[in-house]
Amino acid sequence: MQYNMTREEKFMQEAIQLSQNAIDNNNGGPFGSVIVKNNIVIGRGYNKVTSTNDPTAHAEMVAIRDACKNINSFQLEDCEIYTSCEPCPMCLGAIYWARAKHIYIGNTRQDAADAGFDDAMMYGEICAPIEKRKIPMETVGRQAANKVFINWNDKEKKARY
């Protein structure tokens, strides 16, 4: 008897295959992602961090850029993201900014940590007060910078996101 994959398993299988391609081709770490809208893959990505010298070239980021380009929008409303691993804080933030409706994950963040990709420090930094973060942060030029926010608020024709 042949097993029929669910639609979710089918799309996840593609994300997993992209993660294998990333390591087979020495592009980066073992991560892959696809973005689906109306049962059609509109974006694909795999980790390209080491091959492009771009620390933001995670699978989800590459897939989001591809999908947004393909649908000519900066939003991914009504889209599902299939990713071979639970997103890191950067990717999770980008997914929320893109407004995806659902995230399917293969591996968990603990599975990633067991494979040497531990994002626990970054998750902790997000919750830490600014003055207690590992990379020092300080406010400079706030008054001048805030004028731009005032200009933004006063602007009548703007694309809200």
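Quick caveat: nothing in here was measured; it's all calculated off a predicted structure.

The rules behind each value
Residues numbered from 1 in each chain as written. Predicted model: local features only at pLDDT ≥ 70, side-chain atom pairs only at ≥ 80, totals over all residues. Heavy atoms only, no water. 1 Å grid on protein atoms, 1.4 Å probe; cavity = no way out; pocket = protein on both sides within 12 Å on 5 of 7 lines; lining within 4 Å. Points joined across faces, edges and corners; volume = space filled by probe spheres on them. Nonpolar A, V, L, I, M, F, W, Y, C, P; charged D, E, K, R; others polar. Core = buried A, V, L, I, M, F, W, Y, C linked by side-chain atoms within 4.5 Å. Buried < 20%, exposed > 50% of the residue type's maximum accessible area, 1.4 Å probe, protein only. Helix = DSSP H or I, 4+ residues; strand = E, 2+ residues; numbered from the N terminus. Contact = heavy atoms within 4.5 Å. Pairing = 2+ DSSP bridges. Axes fitted to C-alpha atoms, helices over the stretch in contact; angles between N-to-C directions. Salt bridge = Lys/Arg side-chain N within 4 Å of Asp/Glu carboxyl O.

Colleague: I would appreciate a short explanation of the layout of surface pockets in the present structure.
Modeller: A probe as big as a water molecule, rolled over the atoms, marks out the empty space that is left. Estimated volume of the largest pocket: approximately 280 Å³. Looking at the largest pocket, it is lined by 15 residues, and the ones nearest its centre are Phe-31, His-58, Cys-88, Phe-117 and Asp-119. A breakdown of the residues in the lining of the largest pocket according to their chemical character gives eight nonpolar, three polar and four charged. Its volume calculated, the second largest pocket comes out at about 200 Å³. In terms of lining residues, the second largest pocket is bounded by Met-121, Met-122, Glu-125, Ile-126, Arg-133, Lys-134, Ile-135 and Met-137. Looking at the lining of the second largest pocket residue by residue, the class counts come to five nonpolar, no polar and three charged.

Colleague: I tried to follow the nonpolar core on my own but got confused; where do I start?
Modeller: For soluble globular proteins, nonpolar side chains are generally found buried alongside one another. Ranked by internal contacts, the top residues of the largest apolar core, which has 15 residues, are Ile-35, Ile-42, Ile-64, Ala-67, Leu-76, Cys-79 and Ile-81. Secondary-structure elements contributing two or more residues to this core are helix H3 (59-71), strand E3 (79-85) and helix H4 (89-98). The contact partners of Ala-67, leaving out residues within four places of it in the chain, are Ile-35, Ile-42, Gly-43 and Leu-76. Among the nonpolar cores identified, the runner-up in size contains eight residues, and Met-12, Ala-15, Leu-18 and Val-34 belong to it.

Colleague: Hey, could you run me through the sheet that holds strand E4 (residues 102-107) in this one?
Modeller: Strands belonging to one sheet form pairs held by backbone hydrogen bonds; the direction of such a pair is parallel or antiparallel. Judged by pairing direction, the sheet is mixed, and its four strands sit side by side in the order E2-E1-E3-E4 without closing on themselves. A strand with exactly one partner marks an edge of an open sheet, and here the two such strands are strand E2 (40-46) and E4. When the angles between neighbouring strand axes are averaged without regard to direction, this sheet yields 15 degrees. Relative to E4, E3 runs parallel, the two sharing five bridges. Opposite Glu-80, over in E4, you have His-102 as the bridge partner. Strands in contact with helix H1 (residues 7-24) are strand E1 (32-37), E2, E3 and E4; relative to E3, the strand with the most contacts, it is inclined by about 50 degrees. Against the sheet, H3 engages E1, E2 and E3, with an angle of about 140 degrees to E2.

Colleague: Explain the pattern of salt bridges here, please?
Modeller: Two side chains with opposite charge may pair up if their charged atoms get near one another. The tally for this structure, following the rule as stated, stands at five salt bridges. Salt-bridge contacts for Glu-14 lead to Arg-44; the nearest nitrogen and oxygen are separated by 2.4 Å. With Glu-14 in helix H1 and Arg-44 in strand E2, the pair connects residues that are 30 residues apart, well separated along the chain. Across the pair Lys-69 and Asp-66 runs a salt bridge whose closest N-O atoms are separated by 3.8 Å. In this pair, Lys-69 and Asp-66 are both assigned in helix H3, three residues apart and thus about one turn of the helix distant. For Asp-66, a relative accessible area of 21% gives the class partly exposed. Here the residues in one salt-bridge network are Arg-7, Glu-8 and Glu-80, joined through shared partners.

Colleague: Where do I start with the environment of Ala-22 in this structure?
Modeller: Residue placement: Ala-22 occurs in helix H1. Overall, Ala-22 belongs to the buried group, its relative accessible area being 0%. With sequence-adjacent residues up to four places away left out, Ala-22 is seen in contact with Asn-27, Gly-28, Gly-29, Phe-31, Tyr-46 and Asn-47.

Colleague: In this structure, what is going on with the side chain of Ser-19? I would like to understand it.
Modeller: With respect to the helices, strands and loops of the structure, Ser-19 is situated in helix H1. Given a relative accessible area of 10%, Ser-19 falls into the buried group. If we skip the residues at most four places from it in the chain, Ser-19 touches Gly-29, Pro-30, Phe-31, Gly-32 and Ser-84.

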